[in-house]
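Structural description and commentary
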Amino acid sequence: MNDQETSMALANFLLQIKAIKLNPAQPFTWASGLKSPIYCDNRITLSFPQIRTFIREAFTKLCMKKYGKPDIIAGVATGGIPQGALVAQELGVPFVYVRSEKKSHGLNNQVEGIVPTGSSVVVVEDLISTGKSSLAAVSALREKGAVVKGMMAIFSYCLEVAAESFKENKCDLVTLTNYDTLIQKAVAENYVREEDLFTLMEWKQNPQAWSDARM
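A closer look at the overall build of the chain
Looking only at helices and strands, the chain has eight helices and 10 strands in total. In terms of overall size, the chain behaves like a compact globule, its C-alpha atoms giving a radius of gyration of 17 Å where 215 residues would be expected to give roughly 17 Å. Here the C-alpha coordinates of the chain stretch approximately 50 × 40 × 30 Å along the principal axes. Expressed as a percentage of its 215 residues, the buried residues of the chain come to 48%. Here the chain has roughly 10,800 Å² of accessible surface; of this, 50% comes from carbon and sulfur atoms.

Here we look at unusual backbone geometry
Residue A77 is joined to T78 through a cis peptide bond whose omega torsion reads 0 degrees. Among the structural elements, T78 can be located in the loop between strand 5 (72-76) and helix 3 (80-91). If you check the backbone angles, K18 has positive phi at about 60 degrees while not being a glycine. By the secondary structure assignment, K18 is in the loop between helix 1 (3-16) and strand 1 (20-22). Even without glycine at this site, N190 takes up a positive phi of about 60 degrees. Classification of N190 by relative accessible area gives exposed; the value is 68%.

Regarding the packing of aromatic side chains
Taken as a whole and judged by the stated rule, the model has eight aromatic pairs. With a centroid separation of 4.5 Å and an interplanar angle of 40 degrees, the aromatic rings of W30 and Y157 are classed as tilted. Placement of the pair is W30 in the loop between strand 2 (28-29) and strand 3 (35-36) and Y157 in the loop between strand 9 (147-156) and helix 5 (160-168), with a sequence separation of 127 residues. According to the relative accessible area criterion, Y157 is buried, its value standing at 1%. Ring plane angle 75 degrees and centroid distance 5.9 Å describe the contact between Y157 and W203, whose orientation is recorded as edge-to-face.

What to know about the sheet that holds strand 9
Read across the open sheet, the six strands follow the order 7-6-5-8-9-10; overall the sheet is mixed. Since the sheet does not close on itself, it has two edges, and those belong to strand 7 (111-112) and strand 10 (173-178), each with one partner. In terms of strand pairing, strand 5 meets strand 8 (residues 120-128) through four bridges, oriented parallel. Across the sheet, residue I72 finds its bridge partner in strand 8, namely V121. This element, helix 6 (residues 179-188), spans strand 9 and strand 10 of the sheet and lies at about 10 degrees to strand 10.

Considering helix 4 (residues 132-143)
Here helix 4 contains 12 residues, and its C-alpha end-to-end distance of 17 Å stays within 8% of the 16 Å for a straight helix at 1.5 Å per residue. Of all the residues in helix 4, the buried ones are S134, L135, A137, V138, A140 and L141. Two residues or fewer after helix 4 comes G145, characterised by a positive phi angle close to 95 degrees.

Some points on the packing of helix 1 against helix 2 (residues 49-66)
The N-to-C vectors of helix 1 and helix 2 enclose an angle of 155 degrees; their axes lie 11 Å apart at closest approach. When the axis of helix 1 is compared with that of helix 2, the two are roughly antiparallel. Judged by the twist between their axes, the crossing of helix 1 over helix 2 is left-handed. Taken together, the residues of helix 2 that come into contact with helix 1 (itself represented by D3, T6, A9, L10 and F13) are Q50, I51, F54, I55, A58 and K65. Taken together, the residues of the contact of helix 1 with helix 2 break down into seven nonpolar, two polar and two charged.

Here is what the cut-offs are and how they apply
- Residues numbered from 1 in each chain as written.
- Predicted model: local features only at pLDDT ≥ 70, side-chain atom pairs only at ≥ 80, totals over all residues.
- Heavy atoms only, no water.
- Helix = DSSP H or I, 4+ residues; strand = E, 2+ residues; numbered from the N terminus.
- Rg over C-alpha atoms; globule rule 2.2 N^0.38 Å.
- Buried < 20%, exposed > 50% of the residue type's maximum accessible area, 1.4 Å probe, protein only.
- Areas by Shrake-Rupley, 256 points an atom, 1.4 Å probe, with all protein chains shown as cover.
- Phe/Tyr/Trp six-rings, centres within 6.5 Å; stacked < 30°, edge-to-face > 60°.
- Pairing = 2+ DSSP bridges.
- Contact = heavy atoms within 4.5 Å.
- Axes fitted to C-alpha atoms, helices over the stretch in contact; angles between N-to-C directions.
- Expected span 1.5 Å × (residues − 1).
- Parallel < 35°, antiparallel > 145°, perpendicular 65-115°, else oblique.
- Left-handed = near helix turned anticlockwise from the far one by under 90°.
- Nonpolar A, V, L, I, M, F, W, Y, C, P; charged D, E, K, R; others polar.

That's the geometry; what it means functionally is another story.
Structure follows, in structure tokens:
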């Protein structure tokens, strides 16, 4: 199965298990404050062994193809933790995870686990929206002395703001599937009504303007 076939197959899985939710009338609010007519909940995939295995194997194949075998796999809290742990187990390498911020007690850790200086790390996320929280994890790992080879995610909304942020932070990003593929599959399988498709495309063209109009 090539990369495009994997992307299409995973998009179909996400639609089948309703990991993708649409509600143009009552938009979802992301952690960034941005409003969106679509929400992707990849945590649901963990409840389906077949899909969980598909993602683990696809991540492992992508990691080896793109980055080679890293010293460490790091998962971003919280959605990237279980996915990252599965990939680390498959590759037979250590696993660490990165909190959204440092603990306010104890050792004040943000990175949980052992990261020797100079270790090569591949970061695993469940999805990429604006990229802010994902890149904060990359920054925390670099502060620990890690050499971040790149980040892998299940899904990306393909927002320009995220692409620019990853470029500015010099962090490579690869995903198993993305917004464009998902919409293509949703249309082909009649998951999306014509009026929903228009809203989804309008949002994609200018998410901030779409969001501001509904504040």
